[in-house]
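If you want the building blocks of each chain, they are given just below.
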Protein chains: 2
Amino acid sequence: MAVHGPAMTDVARLAGVSHQTVSRVLNGHPNVREQTRLRVRAAIAELGYRPNGAARALVTGRSQVIGVVAQNTTLYGPASLLAALEQTAAEEGFAVSVGSVRNLDHRSISAAVERHLSHRVAGIVVIAPVESAGEALERLPKDVPLVTVDGDPSRPVPLVTVDQVAGARAATQHLLDAGHRTVWHVSGPTDWFDSVGRIDGWRQALLAAGVDPPPPMPGDWSAASGYRCGQMLARMPEVTAVFTANDHLALGVLRALHEFGRRVPDEISVVGFDDVPEAAYFIPPLTTVRPDFDAVARASLQMLLSQIESGTGGALRQTVAPALVARQSVAPPRR
Amino acid sequence: MAVHGPAMTDVARLAGVSHQTVSRVLNGHPNVREQTRLRVRAAIAELGYRPNGAARALVTGRSQVIGVVAQNTTLYGPASLLAALEQTAAEEGFAVSVGSVRNLDHRSISAAVERHLSHRVAGIVVIAPVESAGEALERLPKDVPLVTVDGDPSRPVPLVTVDQVAGARAATQHLLDAGHRTVWHVSGPTDWFDSVGRIDGWRQALLAAGVDPPPPMPGDWSAASGYRCGQMLARMPEVTAVFTANDHLALGVLRALHEFGRRVPDEISVVGFDDVPEAAYFIPPLTTVRPDFDAVARASLQMLLSQIESGTGGALRQTVAPALVARQSVAPPRR
DNA sequence: AGCGTCTCTGTTAACGCTAACAAAATTGGT
DNA sequence: ACCAATTTTGTTAGCGTTAACAGAGACGCT
């Protein structure tokens, strides 16, 4: 009592009503006399009463907590998404419980989801950018509200995603528009849907321009792998434009090009993806594509909440368009 | 039943024991016959039983959840810390609930803490790098296990922190050792304890070398503010060495110096702080100080768990030493 | 006045688990 | 084989809340 604070019955006693009436006030039930409602509110304030979420969760079978499963919350994208999700959830009165996971393999994901389920979360958001995550998701009890972000477009699971294809197309087109005859691509890991989408968009833009796409160079999102690819690109005199799957890869490429004395954008133009806050201060400032993480978070949460309220598990799909941010890393090719 | 999965009584029935015995097996109570234990385990596996955390939390008064309050989980430091915290907590069987907060003022912090308390978290970790957070923390119910990270060293609250002073001293000393006569400093926001500590360490190293510290230039952690400071530094011919309070500031400085044609490290040496993964790919690769976020997370959690178990609220203090990572952004001054 | 129909409030019974105690089974020493 | 100590199991009573139903007034109609 002393330690755990007052309970509903204490409020009821002080207000001179039954605990059930207090419950009704708390849950905004209509049939409570205005005067009673005020008395209860006053008692709540006086005692500093705070409803016990565990008890509520026990009886309703659902808590006011949303579980998020993500892999590497240190990467800029996932971190931004998580923060946005948390903000949005808080506005709706939900807490967010993170379950990060070392690998996005089947077992790790299941384990994280299990942990969330055992806490009886109201719903789960899975940031599942790779193939292997999909399997784990299909075996889930299907009465659990679930939304995937950046997941597999081919699976029948509610999905919110940044329009990778459109973003990549815009980036590539921007380079073509500047006069480049073709655009090379440093991609992310090919088992990530994000990567696949960005490769697709890049390829589409080239094909639409009647250009045969060169082979994409696979990276792993890190500046280190961008650097390695950059070392190769720097040695190829015909390369004048590069689109990298994220800004960190671009940083590595910029560094390699700089070391080889190839000037950006004079000799080679570079475009990234993500618009990390530092991108404007790369040398030179990086032209990139900015996904709207807030919009993604809002859409995911809205989708999740509608499932929670309706009880039905719709298989919706929502896509958020990213925007090109032009800076100084792009210029027309020298002739 | 069907929707919410089997309960303890279902397991008990299948195993031919009472639900209390199941509870004992689950909680590792010693006095259970080996044979019984196995039978119960088998039943649990067969039914896919998952204990109900809400019910457990209700009766014990504590959930297996740790609340984290942080401001900007998009910044590299907090994000890394959060991820490490989550990993460590998961190993101990705890989930982590994030409560991010727009501002670290008194009211926002209290609100976030309230939200956690209403979910009956077992303990709270506050990543509270600024002064204003301290007040909010002192009014908390003192029976809640609490640990602050990077908080106010002068308050009687359990605290884990990176040794900012030692890190900054090492960075500054490294520059002095290279032969520089003095070292300039681009600091973080001065209401952050991290910044204060780094300023202190820098100043200490200079004073110990018999040098009068130049005025620190205040930034706000962002590359943008680093760039602004860099523009000033670039115009000052006497500057040969700069220590920035984090790597993003350093990036901004590097960019400004580059624009002004001042070469790093030939004319000016730069050292950062944080060792973000990209720092090795800046132009030139950045010498920096690497805090051990995993160690901080482990220490915080251990401190929190010992409070949870013992019930006592010790006012411990623990400091984690960072390590200097030497790269190519430092060289002896030209003479 | 009498009676159904609202609106408001109270009573009781879960939800799934652990704690405390009670009972039964096992062990060991004689 | 018998009693006491010990180990193992079962029984009961909550934890704080919501849901379902029951009861008590207030109101309008015949």
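Residues numbered from 1 in each chain as written. Chains lettered and ligands numbered in written order. Predicted model: local features only at pLDDT ≥ 70, side-chain atom pairs only at ≥ 80, totals over all residues.

## Concerning the overall build of chain A
As a reminder of what qualifies: Helix numbers and strand numbers start at the N terminus; a helix is a DSSP run of H or I with at least 4 residues, a strand a run of E with at least 2. Radius of gyration: over C-alpha atoms. The globule rule applied is 2.2 Å multiplied by the number of residues raised to the 0.38 power. The burial criterion counts other C-beta atoms lying within 10 Å of a residue's C-beta, which is placed from the backbone; the residue is buried at 20 or more, exposed at 12 or fewer, and partly exposed between these limits. Any pair of residues counts as being in contact when their C-beta atoms, constructed from backbone geometry, are within 7 Å of one another.
Check the secondary structure of chain A and you find 12 helices and 12 strands. Taking 20 Å as the expected radius of gyration for a compact globule of 335 residues, we find that chain A reaches 25 Å, considerably beyond that expectation. Dimensions along the principal axes, computed over C-alpha positions, put chain A at roughly 85 × 40 × 35 Å. Per-residue burial for chain A yields a buried fraction of 53% across its 335 residues. Taking the intrachain contacts of chain A between residues at least 6 apart in sequence as the baseline, contacts between residues at least 24 apart amount to 69%.

## Remarks on the relation of the copies chain B and chain A
As a reminder, the rule being used: Alignment of the copies relies on least squares applied to C-alpha atoms, considering only residues that score at least 70 for pLDDT in both.
With an RMSD of 0.4 Å, chain B superimposes on chain A once it is rotated by 180° and translated 0.2 Å along the axis. Look at the turn and shift together and you get a two-fold axis relating the two. Interface overlap between copies is the fraction of interface residues in one copy that are interface residues in the other; for chain B against chain A it reaches 100%, indicating a shared surface.

## Digging into the protein's contact with DNA strand C
Put simply, the rule is: By definition, a residue lies near a molecule or strand provided its backbone-derived C-beta atom is within 6 Å of it. The residue classification treats Ala, Val, Leu, Ile, Met, Phe, Trp, Tyr, Cys and Pro as nonpolar and Asp, Glu, Lys and Arg as charged. All others, Gly included, are polar.
The local shell around DNA strand C holds 25 residues, among which Gln20(A), Thr36(A), Met8(B), Ser23(B) and Ala55(B) are the closest. Elements supplying a minimum of two residues to the surface near DNA strand C: helix H2 (19-26) and helix H4 (53-60) of chain A together with helix H2 (19-26) and helix H4 (53-60) of chain B. It is H4(B) that contributes the most residues to the surface near DNA strand C, five residues altogether. The class makeup of the residues in the surface near DNA strand C is 11 nonpolar, 12 polar and two charged.

## Some remarks on helix H9 (residues 193-208) of chain B
Residues and elements named next belong to chain B. Inclusion rule: To estimate the expected span of a helix, subtract one from its residue number and multiply by 1.5 Å.
With 16 residues, H9 extends 22 Å between its outermost C-alpha atoms, agreeing within 8% with the 22 Å of an ideal straight helix rising 1.5 Å per residue. Inspection of H9 places Phe193, Asp194, Ser195, Val196, Gly197, Arg198, Ile199, Gly201, Trp202, Ala205 and Leu206 among the buried residues, and these make up the whole buried set. Looking at the packing, one finds that the buried side of H9 touches helix H8 (164-177), strand S6 (184-187) and strand S8 (241-244). Two residues or fewer after H9 comes Gly210, characterised by a positive phi angle close to 75°.

## Some details on the interface of chain B and chain A
When the parts come together, some accessible area is lost, and that loss is often what is quoted as the size of the interface. Let me state the cut-off plainly: Whether two strands pair depends on DSSP finding at least two bridges between them.
Contacts between the two partners involve 45 residues from chain B and, on the opposite side, 46 residues from chain A. Along the lines of polarity and charge, the residues of the side of chain B that touches chain A split into 20 nonpolar, 18 polar and seven charged. Pairing of strand S2 (residues 95-100) of chain A with strand S2 (residues 95-100) of chain B involves three bridges; the strand directions are antiparallel. Within S2(B), the position partnered with Val96(A) by the bridge is Val98(B).

## Concerning the protein's contact with DNA strand D
Close to DNA strand D lie 25 residues; Met8(A), Ser23(A), Ala55(A), Gln20(B) and Thr36(B) are nearest. Of all elements in the fold, only H2 and H4 of chain A together with H2 and H4 of chain B reach the threshold of two or more residues within the surface near DNA strand D. Per element, the largest residue contribution to the surface near DNA strand D is five residues, and it comes from H4(A).

## Structural notes on helix H12 (residues 293-310) of chain B
All names here are of chain B. Compared with the 26 Å implied by 1.5 Å per residue over 18 residues, the 26 Å span of H12 between its first and last C-alpha is a close match. Within H12 the residues assigned to the buried category are Phe293, Val296, Ala297, Ala299, Ser300, Leu301, Met303, Leu304 and Gln307. On its buried face, H12 is in contact with strand S1 (65-70), helix H5 (76-91), strand S3 (123-127), strand S4 (146-149), strand S5 (159-162) and strand S11 (317-320).

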